[in-house]
Amino acid sequence: MGNYYQPEIETAPREQIIAIQNEKLQKQIKHVYENVEYYRNLMDEKGVKPEDIKTIDDIKKLPFLTKADLRDAYPYGLLGTDLKDCVRIQSTSGTTGKRVVAFYTQHDIDLWEECCARAIVAVGGTNEDVCQVCYGYGLFTGGPGLNGGSHKVGCLTLPMSSGNTDRQIQFMMDLGSTIICCTPSYAAFIGESLAEKGYKPEDNKLKAGIFGAEPWTEEMRQSIQKSLGIKAYDIYGLTETSGPGVSFECEEQTGMHINEDHFYAEIIDPDTGEVLPEGEKGELVFTALDKEAFPLLRYRTRDICVLTRKKCSCGRTHVKMSKPMGRSDDMLIIRGVNVFPSQIETVLLNEGYTPNYQIIVDRKNNTDTLDINIELAPEQMSDKVSDIEAMEKALEGAMRTMLGIGPKCHLVAPKSIVRSEGKAVRVIDNRKLHD
Ligand code: DLL
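Residues numbered from 1 in each chain as written. Predicted model: local features only at pLDDT ≥ 70, side-chain atom pairs only at ≥ 80, totals over all residues. Heavy atoms only, no water.

This brings us to the overall build of the protein. Counting secondary structure elements, the protein contains 11 helices and 20 strands. Here the C-alpha radius of gyration of the protein, 23 Å, is about what a compact globule of 435 residues would show, namely 22 Å. By principal-axis analysis of the C-alpha atoms, the protein measures approximately 70 × 60 × 40 Å. Within the span of the protein, comprising 435 residues, buried residues form 56% of the whole. Sequence-distant contacts in the protein: of pairs separated by 6 or more residues, those separated by 24 or more amount to 66%. If you sum the accessible surface of the protein, you get close to 18,800 Å²; carbon and sulfur atoms cover 51% of it. Taken as two groups, the 51 positive and 65 negative side-chain charges of the protein have centres that lie 1 Å from each other. (Helix = DSSP H or I, 4+ residues; strand = E, 2+ residues; numbered from the N terminus. Rg over C-alpha atoms; globule rule 2.2 N^0.38 Å. Buried < 20%, exposed > 50% of the residue type's maximum accessible area, 1.4 Å probe, protein only. Contact = heavy atoms within 4.5 Å. Areas by Shrake-Rupley, 256 points an atom, 1.4 Å probe, with all protein chains shown as cover. Lys, Arg positive; Asp, Glu negative; His and termini not counted. Charge placed at Lys NZ, Arg CZ, Asp CG, Glu CD.)

Here's what the structure looks like:
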């Protein structure tokens, strides 16, 4: 018998899952059509009515939703319920114009936490575990999501949030944490810090880690497993679909089971929007089947991956997604924060700089680094190093306000950034994030 939180759903036969999806989809379409004017307009434009959607296969008839729609409809335009019925908002890790604000009713919170509870039980979590949650708490969904899941499982929950690594290690050792939840890069950093303090992997009581919110490789998994002496599991999600827990890895560690009773997944060709057959690589699209307050239908995640229904040894029957293999837009995830190059360009132009810049992302000692080279206009040149340094500092401050993370800015001489003959190469990502 495997580790399940809700075996009757997680191991349900295919026909039963499809029956659940059919029923929920019909209800959800009605709910959205009646309550979300923005999406009703999209459906009307496409000439689709709720009664045209009878089974999950009919989902293809529905229009897609994109991040641009979320921006258009910001903040309340996609609300499916009265505000008085909402109890929480969460938001994406990026900031400013690109921020996504998601709303939750109590039902939505319960559903989300249930998904996270499934993820914790899948890695062997029980009410005897001490679960250290070091994802960020606050607007970011990582901390609140795993915190809620951990409560549902009955673990002793340590709501640490991220950062303050000395304190993380002290609590981990003193309270005997057995499960750790954080970004994979922070897990790697904690592993290094433990070694620096003279701890060996067997000195801690950790058995499993639940890591996500950013891309990470199999090599990184092996290295974290070694440094912390644990099994490292992947977890996926996005603010738009509640947060972490849309899918999670089981003991097989070969991809993440999607909670198909709550989220219907499709893979599409990002250029044509055509639905691709199982096993083909493309953009992941989610329909939330029973979310009330923020009920996105056919939402394009921009994450590129593959789905498989191959039988899993854990007994779960829910479809598995591969690790995301890239994005169909230009979003970067740097230290767990979503960053768009356009945000950087906006700051440069606002601050009176040229749009000739290059963004260099790297990973040093398991931590992402962000460097931005910016060309000065001839009249901005100065012989005084202190002038240039002051300008760089001011720019770094403006970037930090916009992005939520601090880059290193380097002002360089006019015409020193290589011009491209085709599309400008704005981003150089030296991290080897995808297998
Ligand atoms: O990162 C939610 C989350 C929190 C997931 C904690 C897992 C753990 P956002 O800030 O909205 O939400 O960013 C969502 O992050 O579209 C992916 O591109 C990326 N992402 C999330 N999980 C993974 C993962 C949270 N396991 C965006 N592997 C998504 C690779 C991931 N990328």
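So, next bit.
Attention now moves to the side chain of Arg 363. Its place among the elements puts Arg 363 in strand β17 (residues 357-364). You can call Arg 363 buried: its relative accessible area is 18%. A polar side-chain atom of Arg 363 sits 2.6 Å from a polar atom in the side chain of Asp 368. (Polar contact = N/O pair within 3.5 Å; in protein donor to acceptor, adjacent residues only side chain to side chain.)

Counting residues in hydrophobic clusters, the biggest one holds 70 residues, and the most contacted among them are Tyr 39, Leu 62, Leu 284 and Phe 286. Among the elements that make up this core, the one with the highest residue count is helix α5 (residues 106-122) (nine residues). For Tyr 39, the contacting residues outside a window of four places in its chain are Val 32, Leu 62, Pro 63, Leu 65 and Leu 297. Formed by 24 residues, the second largest nonpolar core is a distinct cluster that contains Tyr 353, Leu 370, Ile 388 and Ile 405. (Core = buried A, V, L, I, M, F, W, Y, C linked by side-chain atoms within 4.5 Å.)

What follows deals with the packing of helix α8 (residues 184-196) against helix α9 (residues 218-228). A pair of packed helices is captured by two measures, namely the crossing angle of their axes and the spacing between those axes. It is the contact of α8 with α9, at a shortest axis distance of 9 Å, that shows an interaxial angle of 35 degrees. With respect to the hand of their crossing, α8 and α9 are arranged in left-handed fashion. Listed contacts from α9 to Pro 184, Ser 185, Ala 187, Ala 188, Ile 190, Gly 191 and Leu 194 of α8 are Met 220, Ile 224, Ser 227 and Leu 228. Looking at the contact of α8 with α9 residue by residue, the classes come out as eight nonpolar, three polar and no charged. (Axes fitted to C-alpha atoms, helices over the stretch in contact; angles between N-to-C directions. Left-handed = near helix turned anticlockwise from the far one by under 90°. Nonpolar A, V, L, I, M, F, W, Y, C, P; charged D, E, K, R; others polar.)

A few words on empty space enclosed by the protein. Throughout the structure, instances matching the rule amount to three cavities of 30 Å³ or more. Lining the largest cavity we find Leu 70, Ala 73, Tyr 74, Pro 75, Tyr 76, Gly 77, Leu 78, Arg 99, Val 100, Val 101 and Phe 294. Counted by class, the lining of the largest cavity contains nine nonpolar, one polar and one charged residues. (1 Å grid on protein atoms, 1.4 Å probe; cavity = no way out; pocket = protein on both sides within 12 Å on 5 of 7 lines; lining within 4 Å. Points joined across faces, edges and corners; volume = space filled by probe spheres on them.)

The accessible area lost on association of the parts is a frequent measure of interface size. Per the domain assignment, the segments making up the protein are domain 1 (1-325) and domain 2 (332-429). Taking only C-alpha atoms into account, the centre of domain 1 sits 32 Å from that of domain 2. Regarding the contact of domain 1 and domain 2, the summed buried area is about 1,200 Å², with carbon and sulfur atoms giving 48% of it. Scanning the region where domain 1 abuts domain 2 turns up zero salt bridges. For the interface between domain 1 and domain 2, the tally reads two residue pairs in polar contact (both at pLDDT 80 or more). Counting residues per element, the side of domain 1 that touches domain 2 draws most heavily on α8, at four residues. Here the side of domain 1 that touches domain 2 is built from residues that sort into five nonpolar, six polar and four charged. (Domains from an automatic or database assignment. Buried area = accessible area lost by both parts, 1.4 Å probe. Salt bridge = Lys/Arg side-chain N within 4 Å of Asp/Glu carboxyl O.)

Glancing now at the sheet that holds strand β11 (residues 282-288). Hydrogen bonds between backbone atoms are what pair the strands of a sheet, whose relative direction is either parallel or antiparallel. Reading across from one edge, β10-β11-β12 is the order of the three strands in this open sheet, with antiparallel pairing throughout. Two strands bound the open sheet, and with one partner strand each, they are β10 (263-268) and β12 (299-305). Averaged over all pairs of adjacent strands, the angle between their axes in this sheet comes to 30 degrees, without regard to strand direction. Across six bridges, β10 lies against β11 in antiparallel orientation. If you follow Ile 267 over to β11, its bridge partner there is Leu 284. (Pairing = 2+ DSSP bridges.)

Our next topic: α8. Taking 1.5 Å per residue, 13 residues should reach 18 Å; α8 reaches 18 Å between its end C-alpha atoms and fits that length. If you follow the buried residues of α8, they end up packed against α7 (165-175), β5 (179-182), β6 (208-212), α9 and β17. Positive phi appears at Gly 198, one or two residues downstream of α8, with a value of about 90 degrees. (Expected span 1.5 Å × (residues − 1).)

Attention now moves to the site of the ligand. Around the ligand sit 22 residues in total, of which Ala 213, Asp 234, Ile 235, Thr 239 and Asp 303 are the nearest. Note that a nitrogen atom of the ligand is positioned 3.2 Å from one of the backbone N or O atoms of Glu 214. Side-chain polar atom of Asp 234 to a nitrogen atom of the ligand: 2.8 Å apart, as the coordinates give it. Taking 610 Å² as the accessible area of the ligand by itself, protein coverage stands at 98%. The cavity that encloses the ligand is the largest pocket. Among the elements that make up the shell around the ligand, the one with the highest residue count is strand β7 (residues 231-238) (five residues). (Near = heavy atom within 4 Å. Sits in = over half its atoms within 2 Å of the grid points.)

Take the sheet that holds strand β20 (residues 427-429) next. Spatially, β19-β18-β17-β20 is the arrangement adopted by the four strands of the open sheet, whose pairing is mixed. Whereas interior strands pair on both sides, the edge strands pair on one side only; in this sheet they are β19 (408-412) and β20. Taking the axes of each pair of neighbouring strands and ignoring which way they run, one obtains an average angle of 20 degrees across the sheet. Here β17 runs beside strand β18 (residues 367-375); their pairing, made up of eight bridges, is antiparallel. Among the inter-strand pairings, Asp 362 is bridged to a residue of β18, identified as Thr 369.

Here the focus is the pairing of strand β8 (residues 243-249). Burial runs high along β8: seven of the seven residues are buried. Two strands pair when backbone bridges link them, and β7 and β8 are joined in this way by four bridges, in the antiparallel orientation. Directly across from Tyr 236, in β8, lies its bridge partner Ser 247. The turn linking β7 back onto β8 is made up of four residues, and Ser 242 within it adopts a positive phi angle of 110 degrees.

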